[in-house]
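If you want the building blocks of each chain, they are given just below.
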Amino acid sequence: MLSGKKVILTGMQPTGKLHLGSLLGATNNWRRMLDGYDCLFFLADQHAITMPHIPAELRKNTVDCVAQYIACGLDPERCKIFLQSQVIGHTELMWVLGCLTPIGQLERMTQFKDKSKKAGESVCSGLLFYPVLMAADILLYNADLVPIGEDQKQHLEITRDIAQKFNNTFSETFVLPEPYVRQTGARVMSLQNPVTKMSKSDKNQNSVVYITDTDDVIRKKFTSAVTDSGNKIEFDEEEKPGISNLLNIFAAMAEVAIEEAVEQFSSLASYVPFKQTVADTAIAKIAPIREKYNEIVRDKEYLLSVLHAGKEDAQRRANKTIAKVYRKTGFVME
Ligand code: TYM
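One structure accompanies this document, and this report is about it. (Residues numbered from 1 in each chain as written. Predicted model: local features only at pLDDT ≥ 70, side-chain atom pairs only at ≥ 80, totals over all residues. Heavy atoms only, no water.)

Concerning the site of the ligand
Inference 1: Taken together, 26 residues lie near the ligand, and Q13, Y130, D137, D151 and V188 sit nearest.
Inference 2: Between the ligand and D137, the relevant distance is 2.7 Å, taken from a nitrogen atom to a side-chain nitrogen or oxygen of the residue.
Inference 3: Here a nitrogen atom of the ligand sits 3.1 Å away from a polar atom, N or O, in the main chain of M198.
Inference 4: Where the shell around the ligand is concerned, the elements lending two or more residues are β1 (7-12), α1 (20-32) and α7 (125-139).
Inference 5: Per-element tally for the shell around the ligand: the top contributor is α7, with 4 residues.
Inference 6: Partitioning the shell around the ligand into residue classes produces 12 nonpolar, 10 polar and 4 charged. (Near = heavy atom within 4 Å. Polar contact = N/O pair within 3.5 Å; in protein donor to acceptor, adjacent residues only side chain to side chain. Helix = DSSP H or I, 4+ residues; strand = E, 2+ residues; numbered from the N terminus. Nonpolar A, V, L, I, M, F, W, Y, C, P; charged D, E, K, R; others polar.)

Written out as structure tokens, the structure reads:
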């Protein structure tokens, strides 16, 4: 904890453009925390190579993602932005923590089970170790709070288990981090198949609204969003997943509770004006982000200077933790 403020740490994989899920489930909430916390935001480029990738694309996406962070309101004057691969300590701590983590627990993680089901024998061991690297990311900075979307909650649980295991084995060292998941926006679903998560890897790109989409494209994606039978605007994730997803998106963007959003639209006799209003709200939110992004994305020198400042600060903190962990583990330190 620096300057008496609690540490928050979080990040995302720089695997493409940010979408409405990353905006509402992640950066919007991070932005709200800038003044009250000691904020560390990083790009998990080492996690990104757990899937096949093209090196030049990863490099470009990583720098573009810094521009997207800043465009989403993560002011580098009020937080640190850095790359996982540029700070020595993430993979070092991962190794020590991995030696305390039972393999069975890693094999039972939902993400590993899903991805290994698809890839079979060829699934890489990096994917198995993914949660240990994520635990290292968090524990390296003794983060108090980790803002995440719903899908990352299991990773937070295992991080707490691993921290506890280290503390019990060697002595009290790590803070047990708390997840911070907001009620609205924590699980933004696909616009074309609202029972699956909105994700940049979706084959149907009409299901994903990117923060770089033009106003026309945003409107088209919302007006063609799959809705449910009937014509009443109700929040019922089982029976009306499409309308519930749009209500959730609207509530998160307008910063109102779901009940308030339902109330606002309950008198409408058709879905059409509702979808138009959600589209208008999304355009009003996304347009200034897109404009800011377009303005700064070409200034590579500036973006790299932000990363450089972030790396210096993060490395200082990481060195302290690694020294402590190595000493407690029994490594010779002289
Ligand atoms: P990633 O890159 O998949 O997603 C980044 C953040 O965005 C949230 N998110 C969503 N929220 C709501 N609805 C959606 N459709 C949606 N899609 C993504 C995610 O929950 C996440 O908060 N493993 C992490 C990156 C990571 C990390 C960490 C995070 C590595 N180390 C340490 C926190 C702390 C990931 O792949 O996030």
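Describing the pairing of β1
Inference 1: Of all 6 residues making up β1, 5 are buried, and the element is well covered by its neighbours.
Inference 2: Alignment of β1 against strand β2 (residues 38-43), held across 6 bridges, turns out to be parallel. Residue pairing in the sheet places T10 in a bridge with F41 of β2.
Inference 3: Handedness of the β-α-β unit built from β1, α1 and β2 comes out right-handed. (Buried < 20%, exposed > 50% of the residue type's maximum accessible area, 1.4 Å probe, protein only. Pairing = 2+ DSSP bridges. Right-handed = clockwise from strand over helix to strand, strands pointing away.)

Section: the side chain of T101
Inference 1: Secondary-structure assignment places T101 in the loop between α4 (90-98) and α5 (103-107).
Inference 2: Assessed through its relative accessible area of 10%, T101 is described here as buried.
Inference 3: Apart from residues no more than four positions distant in its own chain, T101 is found in contact with L106, V132 and I162. (Contact = heavy atoms within 4.5 Å.)

Remarks on the nonpolar core
Inference 1: Counting residues in hydrophobic clusters, the biggest one holds 62 residues, and the most contacted among them are L20, F41, Y69, I81, F222 and I249.
Inference 2: The leading source of residues in this core is helix α12 (residues 271-296), at 10 residues.
Inference 3: For this core, the two domains that each supply at least three residues are domain 1 (7-185 + 300-329) and domain 2 (205-294).
Inference 4: The residues touching Y69, leaving out its near neighbours within four places in the chain, are G11, M12, T27, W30, F41, F42, L43, L74 and I81.
Inference 5: By size, the runner-up hydrophobic cluster in this structure holds 41 residues, among which are V87, A135, L156 and A314. (Core = buried A, V, L, I, M, F, W, Y, C linked by side-chain atoms within 4.5 Å. Domains from an automatic or database assignment.)

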